[in-house]
Amino acid sequence: MFISITRLRIRSWRFMPAFYLWTMRSMKQARVTNGFRGGFTLVDRRRTFWTLTGWESEAAMKAYRGSGAHREAMSKLPNWCDEASVAHWNAGTLPSWVEGWERMQKEGRFTPVKYPSDAQQAKRIERPRTQPLVQGKI
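Structural notes, computed from the coordinates. Keep in mind that what you see is a predicted model, and the values were worked out from it rather than measured. (Residues numbered from 1 in each chain as written. Predicted model: local features only at pLDDT ≥ 70, side-chain atom pairs only at ≥ 80, totals over all residues. Heavy atoms only, no water.)

Our next topic: empty space enclosed by the protein. If a probe as big as a water molecule is rolled over the atoms, it shows which places are left empty. The final tally for this structure, using the stated rule, is 1 cavity of 30 Å³ or more. Of the voids in this model, the largest cavity is the one considered here, and its volume is about 30 Å³. Around the largest cavity, the lining residues are R7, D44, R45, R46, T48, E126 and R127. When its residues are assigned to classes, the lining of the largest cavity shows no nonpolar, 1 polar and 6 charged. (1 Å grid on protein atoms, 1.4 Å probe; cavity = no way out; pocket = protein on both sides within 12 Å on 5 of 7 lines; lining within 4 Å. Points joined across faces, edges and corners; volume = space filled by probe spheres on them. Nonpolar A, V, L, I, M, F, W, Y, C, P; charged D, E, K, R; others polar.)

For the rest of this paragraph, the subject is the pattern of salt bridges. Here the structure, examined in full by the defined rule, presents 10 salt bridges. Salt-bridge contacts for R45 lead to E126; the nearest nitrogen and oxygen are separated by 2.6 Å. One end of the pair, R45, is in the loop between β2 (36-44) and β3 (48-55); the other, E126, is in the loop between α5 (118-122) and β6 (134-137), with 81 residues separating them in the sequence. What makes R45 partly exposed here is its relative accessible area of 26%. As a salt-bridge pair, E58 and K62 come within 3.2 Å of each other at their nearest N and O atoms. Placement of the pair is E58 and K62 together in helix α2 (residues 58-65), with a separation of 4 residues, close to one helical turn. Look at the salt bridges and you will find they share partners, linking R7, R9, D82 and E83 into a network. (Salt bridge = Lys/Arg side-chain N within 4 Å of Asp/Glu carboxyl O. Helix = DSSP H or I, 4+ residues; strand = E, 2+ residues; numbered from the N terminus. Buried < 20%, exposed > 50% of the residue type's maximum accessible area, 1.4 Å probe, protein only.)

What follows is about α2. Since the α-helix turns once every 3.6 residues, residues separated by three or four places project in the same direction. When α2 is considered as a whole, its buried residues turn out to be A60, M61 and Y64. Taken around the axis of α2, the buried residues stretch over an arc of 100 degrees, which confines them to a single face. Those residues of α2 hidden inside the fold are in contact with β1 (2-10), α1 (16-31), β3, α3 (68-80) and β4 (81-90). (Arc of directions from axis to C-beta. Contact = heavy atoms within 4.5 Å.)

Given below as structure tokens:
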């Protein structure tokens, strides 16, 4: 299974309504995309959001990423976010959030944003809460 983990920190509360709308649209798109094997979202502290998804293949994930609501949402993220990172790898099952964070620390990449935080500039990724504010299934 091809694993994708993302972490986004929204830089201001004023972007939250639009971010929420595009997140719901993107989750709906994922559920009906060929090759989607399942996933989870995690609402962390300080307007930080994680996704952890499994795909049949890298090609399936890229087809989702580059189309529909997700593509539209991605175009907004450089302005909405002050921190953004992603990691991909192959595994037999979806990892835990901490395992995903560890992988992101080692192999992830930072996505360019227009207004990077000090943490983004220093390439620091805060560990997700083990007791998240909200966690859900995609």
